[in-house]
Amino acid sequence: YVFGRYERLWHWTMAVSGVALIVTGLEVHGTGNWSVMSLSTAVAIHNVFAVILIVNAFLALFFHLATAAIRNFIPHPTGFLASALEHMTYQARGIFYGESHPRNAGGQKLNPLQQITYLALLNVLFPLQIVTGALIWAVGKWPAVASAIGGLHHVAPIHNAGAWMFLTFFVLHVYLVSTGRTPT
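Okay, so let's go over this structure.

Criteria and thresholds
- Residues numbered from 1 in each chain as written.
- Predicted model: local features only at pLDDT ≥ 70, side-chain atom pairs only at ≥ 80, totals over all residues.
- Heavy atoms only, no water.
- Helix = DSSP H or I, 4+ residues; strand = E, 2+ residues; numbered from the N terminus.
- Buried < 20%, exposed > 50% of the residue type's maximum accessible area, 1.4 Å probe, protein only.
- Areas by Shrake-Rupley, 256 points an atom, 1.4 Å probe, with all protein chains shown as cover.
- Lys, Arg positive; Asp, Glu negative; His and termini not counted.
- Charge placed at Lys NZ, Arg CZ, Asp CG, Glu CD.
- Core = buried A, V, L, I, M, F, W, Y, C linked by side-chain atoms within 4.5 Å.
- Contact = heavy atoms within 4.5 Å.
- 1 Å grid on protein atoms, 1.4 Å probe; cavity = no way out; pocket = protein on both sides within 12 Å on 5 of 7 lines; lining within 4 Å.
- Points joined across faces, edges and corners; volume = space filled by probe spheres on them.
- Nonpolar A, V, L, I, M, F, W, Y, C, P; charged D, E, K, R; others polar.
- Axes fitted to C-alpha atoms, helices over the stretch in contact; angles between N-to-C directions.
- Parallel < 35°, antiparallel > 145°, perpendicular 65-115°, else oblique.
- Left-handed = near helix turned anticlockwise from the far one by under 90°.
- Phe/Tyr/Trp six-rings, centres within 6.5 Å; stacked < 30°, edge-to-face > 60°.

### Thoughts on the overall build of the chain
Along the chain, the regular secondary structure elements total six helices and zero strands. Mapped in sequence order, the helices and strands of the chain form the string α-α-α-α-α-α. Projecting the C-alpha coordinates of the chain onto the three principal axes gives extents of approximately 55 × 40 × 30 Å. Evaluated residue by residue, the chain yields a buried proportion of 28% over its 184 residues. In the form shown here, the chain has an accessible surface area of approximately 12,200 Å², with 71% of it arising from carbon and sulfur atoms. Averaged over its 8 positive side-chain charges, the chain has a centre that lies 10 Å from the centre of its 4 negative ones.

### Digging into the environment of Ala69
Within the element layout of this structure, Ala69 appears in the loop between α2 (39–66) and α3 (80–92). Residue Ala69 is classed as buried on the basis of its relative accessible area of 12%. For the pair Ala69 and His159, spaced 90 residues apart in sequence, the C-alpha to C-alpha distance is 30 Å.

### Regarding the nonpolar core
Among the nonpolar cores identified, the biggest contains 16 residues, and Met14, Leu53, Tyr118, Leu121, Phe126, Phe166 and Phe169 are the most heavily contacted of them. For this core, the elements supplying multiple residues, two or more each, are α1 (5–28), α2, α4 (112–141) and α6 (152–177). In this view, Leu121 contacts Phe126, Pro127, Phe166 and Phe169; residues no more than four positions away in its chain are not counted.

### Overview of the layout of surface pockets
Its volume calculated, the second largest pocket comes out at about 350 Å³. The wall of the second largest pocket is formed by 17 residues, among which Ala57, Leu61, Ile70, Leu122 and Asn123 lie closest to the centre. Of all elements in the fold, only α1, α2 and α4 reach the threshold of two or more residues within the lining of the second largest pocket. Here the lining of the second largest pocket takes seven residues from α4, the largest share from any one element. Partitioned by chemical class, the residues of the lining of the second largest pocket number 15 nonpolar, two polar and no charged.

### Some words on the packing of α1 against α2
Here α1 crosses α2 at 155 degrees, and the two axes come no closer than 8 Å. It follows that α1 is roughly antiparallel to α2 by the angle criterion. Crossing hand, α1 versus α2: left-handed. Here the residues of the contact of α1 with α2 are counted per class, giving 19 nonpolar, eight polar and two charged.

### As for the packing of aromatic side chains
Under the defined criterion, the tally for this structure stands at five aromatic pairs. Ring geometry for Tyr6 and Phe63: centres 4.6 Å apart, planes at 45 degrees, overall tilted. With Tyr6 in helix α1 and Phe63 in helix α2, this pair connects stretches of sequence that are 57 residues apart. Considering the side-chain rings of Tyr118 and Phe169, the 6.0 Å spacing of their centres and the 75 degrees angle between planes classify their relative orientation as edge-to-face. With Tyr118 in helix α4 and Phe169 in helix α6, this pair connects stretches of sequence that are 51 residues apart.

Right, dumping it as structure tokens:
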């Protein structure tokens, strides 16, 4: 395995939590044309999986810092642009013509495109979703928060846009994972 047992457990916990958050989020914001569960059930499940995802993320941060595995996420500036372009060319064209997969930098588990994607997810999109989600949750518990932030109409669209970005990541992630020599 390229990734250790804990990294795989972390990954699948994040994946299951992310899918649950997307499904329950769609249920919360559904137009009423379809419904799998009640609104209160969807909100409760959404909140539980949000907590699971946040706890899992902080445990992963501790793990990556304690084991120095965080280095896998940090691109090396030397040759980074050339390597990123090589991987982009392969994903856009070479994969369809049977070209060889570009190699990662020595000792790196992730290619440059993965490094940039995960840096953006973990340092921008993930914190954005936590903050906006916490604000939305706080409005439900303490209505005065709504007036302090100018109402949910400022926060909810940002949270929803972030959710669509995560869904886009999931779809692309599954597609790119399935482009290997074998499905496994």
